[in-house]
Amino acid sequence: MAKKKPQQRKPAATKQDSRPTLADSLGGDTLDKLKEAKQALLRNEKEEEEKRLAQKAKERRDREKNMSFGELLEKYGDGPSKY
């Protein structure tokens, strides 16, 4: 029979500090601008990553397009045909 693992006790919820946070000290308008800037940076990073991947795929296609028959045969082999 499988042994039961002893249950672990979770620590009691910690008290919330009454210290002001940076978000509290910044105005709502400033905080919104920061969030918007963060989202814009994330969008830019995503677009750059997509462009980089598209460029790599294009370069790979161009390399294969310029390969000789011998290079293609060496790369993909002359294994058993599916036909």
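## Regarding the overall build of the protein chain
If you tally the helices and strands in the protein chain, you get three helices and zero strands. Put simply, the protein chain runs from its N terminus to its C terminus through helices and strands in the order α-α-α. Taking all 83 residues of the protein chain together, 1% fall into the buried category. Accessible surface computed for the protein chain: about 9200 Å², of which carbon and sulfur atoms make up 53%.

## Some details on a negative patch on the surface
A cluster of like negative charges, contributed by Glu45, Glu47, Glu48 and Glu50, occupies part of the molecular surface. Looking at the secondary structure, you find Glu45 in helix α2 (residues 28-65).

## Things to note about the pattern of salt bridges
Counted according to the given criterion, the structure contains three salt bridges. Residue Arg52 pairs with Glu49 through a salt bridge whose shortest N-O separation is 2.6 Å. Taken as a pair, Arg52 and Glu49 lie in helix α2 at a separation of three residues, close to a single helical turn. Given the relative accessible area of 36%, Glu49 is considered partly exposed. For Lys75, the salt bridge is made with Glu64, and the minimal N-O distance between the two is 3.2 Å. Placement of the pair is Lys75 in helix α3 (residues 69-76) and Glu64 in helix α2, with a sequence separation of 11 residues. On the accessibility criterion, Lys75 (44% relative accessible area) is partly exposed.

## Remarks on a positive patch on the surface
There is a patch of like positive charges on the surface, built from Lys56, Arg60, Arg61 and Arg63. By the secondary structure assignment, Arg60 is in helix α2.

## Comments concerning the confidence of the model for the protein chain
Considering every residue of the protein chain, the mean pLDDT works out to 82; 81% of them sit at 70 or more. Element-level pLDDT for the protein chain is lowest in helix α1 (residues 22-25), with a mean of 74, against a maximum mean of 94 in α2.

Quick notes on the rules
Residues numbered from 1 in each chain as written. Predicted model: local features only at pLDDT ≥ 70, side-chain atom pairs only at ≥ 80, totals over all residues. Heavy atoms only, no water. Helix = DSSP H or I, 4+ residues; strand = E, 2+ residues; numbered from the N terminus. Buried < 20%, exposed > 50% of the residue type's maximum accessible area, 1.4 Å probe, protein only. Areas by Shrake-Rupley, 256 points an atom, 1.4 Å probe, with all protein chains shown as cover. Patch = residues over 30% accessible without salt bridge, like charges linked within 9 Å, V, L, I, M, F, W, Y side chains within 5 Å. Salt bridge = Lys/Arg side-chain N within 4 Å of Asp/Glu carboxyl O. Lys, Arg positive; Asp, Glu negative; His and termini not counted. Charge placed at Lys NZ, Arg CZ, Asp CG, Glu CD. pLDDT = per-residue confidence, 0-100.

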